[in-house]
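Breakdown of the fold
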Amino acid sequence: MPFARPRIREQDLTDQTKDALPITVRNVTKTYGPVHALDDVSIDVESGEFLTLLGPSGSGKTTLLMVLAGFTRPDCGSLKFGDTEVIRTPPHLRDLGMTFQSYALFPHMTVAGNVGYPLRLRKRPKGEIAERVARALDTVQLGGFGDRRIDQLSGGQRQRVAVARAIVFEPGILLMDEPLSALDKKLRDQMQIELRHLHEQLGMTTVYVTHDQREALTMSDRIAVVNHGRIMQLATPRDLYERPANRFVADFIGESTFLDVTRQGDGVAYAGQPLRLGAPPPAAQALQLMIRPERIVLLDGDGTGEQGPGRDGMNLFAATATDVVYQGDSYLLHARLADDTLIALRGPMRGTADLPAAGQPVTLGLAPEDSVLIDAGGA
Ligand code: ADP
Ligand code: MG
């Protein structure tokens, strides 16, 4: 069930401007003793954009969100909302709403008490608070829940209360720290769509934190992949998946096999055979060919294909099937190359096509445009 569309406001309840401000982070560093929680981070979040910080646990995602919110002062660097430097501005003057990694709701207060808290902090008049709280609760499908206590709510409902509290004064910027990680998978999938709708309706510049790559791909306009306090790559979901800038990003998002390749003239070679490429190789010390399971194809089971460029302009790989798994709509094949590398291949099941048996030689094909080279270092 999507969030209700908020009523169009003829005139706003306050004189606050509701611009979705762009965020400019420049050279922000934060250390805790020897730990570089943030290491010279620079990011531009566009006005109204849904940007996700994606990275493993301990990579610095929460620290960056806390710097944006004003709860953590970085060692150095600059932070602008629109044209205004805010690095010294306290949190409640930053025109942003936030949900925390633990919901951080007040258990002894009612739902309405929790949602209205940021407005009481800002000393808004009672009537305005009541009206805005009701509107925020409607938006998250909790109309009529205002008098409930927090401990009477399910996990999903608590999450909605946290979101309602974050949007109650209609901030220009919304920050969310792993808002769905405590929910079970079904509810999480549903809430992903709802939060996305909410963003489309309210249009706030949104910075969202998750360690779940699929969630990031589902929800984001762009994703910043974070590791060891550094931005490894900032790009659209599609660019991250199809053109990862380095081995860390390629490993973290999706599955892949990596083959070491050597430079040969303007191009590269694998096992002595030149590869056909869709784009020139990147400038890097060491290069690897990234192979996604759904991009490499099974050409035949007879193993007659030679290595190197061949059939239909594809790069061909002679291999031996080691495992073949029928999965109904698709099949999963593991095959061993001559150098012992295991390649995973996923293909659609069609008609009566035979699958190779384990131990059988196979020829695998990879189109030039799917033959993506990445910097083998840079983790
Ligand atoms: P994430 O949210 O990506 O899991 P965090 O931003 O919470 O990562 O933490 C990044 C690094 O900074 C971790 O190594 C963490 O232990 C450290 N860290 C974060 N906050 C503090 C703190 N208040 N004191 C000491 N170390 C901290
Ligand atoms: Mg965190």
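Residues numbered from 1 in each chain as written. Chains lettered and ligands numbered in written order. Predicted model: local features only at pLDDT ≥ 70, side-chain atom pairs only at ≥ 80, totals over all residues. Heavy atoms only, no water.

1. Overview of the coordination of the magnesium ion (ligand 2)
The expected angle between donors at a tetrahedral four-coordinate metal is 109.5 degrees. At an octahedral six-coordinate metal it is 90 or 180 degrees. Surrounding the magnesium ion (ligand 2) are the protein donor atoms Thr62 (OG1) and Gln101 (OE1), which sit 2.0 to 2.7 Å from the metal. Placement of Thr62 in helix α1 (residues 61-69) and of Gln101 in the loop between β6 (96-99) and α2 (111-121) is noted, with a sequence separation of 39 residues between them. On the accessibility criterion, Thr62 (26% relative accessible area) is partly exposed. A residue is classified by how much of its surface remains accessible, and Gln101, at 42% relative accessible area, is partly exposed. (Donors = N, O, S within 2.8 Å, 3.2 Å for Na, K, Ca; no water. Helix = DSSP H or I, 4+ residues; strand = E, 2+ residues; numbered from the N terminus. Buried < 20%, exposed > 50% of the residue type's maximum accessible area, 1.4 Å probe, protein only.)

2. Some points on the pattern of salt bridges
Close approach of charged atoms lets side chains of opposite charge pair. Counted under the stated rule, the structure contains 21 salt bridges. Among the ionic pairs, Arg196 bridges to Asp221, the shortest N-O distance being 3.4 Å. Taken together, the positions of Arg196 in helix α5 (residues 185-202) and Asp221 in the loop between α6 (213-219) and β9 (222-227) put the pair 25 residues apart, joining distant regions of the chain. Judged by its relative accessible area of 18%, Arg196 is buried. (Salt bridge = Lys/Arg side-chain N within 4 Å of Asp/Glu carboxyl O.)

3. As for the sheet that holds strand β21 (residues 372-375)
Strand pairing in a sheet takes place through backbone hydrogen bonds and is either antiparallel or parallel in direction. The five strands are arranged β13-β12-β11-β14-β21 in an open sheet whose pairing can be described as antiparallel. For this open sheet the edge positions go to β13 (273-274) and β21, each flanked by a neighbour on one side alone. Relative to strand β12 (residues 267-270), strand β11 (residues 257-264) runs antiparallel, the two sharing three bridges. Residue pairing across strands places Thr262 opposite Ala269, the latter belonging to β12. (Pairing = 2+ DSSP bridges.)

4. Some details on the confidence of the model for the protein
Residues at a pLDDT of 70 or more form 91% of the protein, whose mean pLDDT is 89. Taken as a whole, residues 1-17 scores under 50 in pLDDT and shows 38 contacts with residues more than four places along the chain or in a different chain. Here residues 302-306 is a poorly scored stretch, pLDDT under 50, and it has nine contacts once near neighbours within four places are set aside; other chains count. (pLDDT = per-residue confidence, 0-100. Contact = heavy atoms within 4.5 Å.)

5. Thoughts on the sheet that holds β9
The strand order across the open sheet formed by six strands is β6-β7-β8-β3-β9-β10, and the pairing between neighbours is mixed. Taken across any chain shown, the strands that pair with only one partner, and hence form the sheet edges, are β6 and β10 (230-235). Direction aside, the axes of adjacent strands within the sheet are offset by 15° on average. Relative to β9, strand β3 (residues 50-54) runs parallel, the two sharing four bridges. In the strand pairing of β9, Thr52 is matched with Ile223. This element, α1, spans β3, β6, β7 (173-177) and β8 (205-210) of the sheet and lies at about 150° to β7. (Axes fitted to C-alpha atoms, helices over the stretch in contact; angles between N-to-C directions.)

6. Examining the site of ligand 1
Every residue near ligand 1 is listed here: Tyr32, Val35, Ala37, Pro56, Ser57, Gly58, Ser59, Gly60, Lys61, Thr62 and Thr63. One of the side-chain N or O atoms of Thr62 is found 2.8 Å from an oxygen atom in ligand 1. If you list the elements that add at least two residues to the shell around ligand 1, you get β2 (35-45) and α1. No other element matches the three residues that α1 contributes to the shell around ligand 1. Partitioning the shell around ligand 1 into residue classes produces four nonpolar, six polar and one charged. (Near = heavy atom within 4 Å. Polar contact = N/O pair within 3.5 Å; in protein donor to acceptor, adjacent residues only side chain to side chain. Nonpolar A, V, L, I, M, F, W, Y, C, P; charged D, E, K, R; others polar.)

7. With respect to helix α3 (residues 126-139)
Helix length check: α3 (14 residues) gives 20 Å between terminal C-alpha atoms against 20 Å at 1.5 Å per residue, within 8%. Among the residues of α3, Glu128, Ile129, Arg132, Val133, Arg135, Ala136, Leu137 and Thr139 are the ones counted as buried. Buried residues along α3 sit in contact with α2, α4 (155-167) and α5. Directly after α3, the chain includes Gln141, whose backbone phi takes a positive value near 65°. (Expected span 1.5 Å × (residues − 1).)

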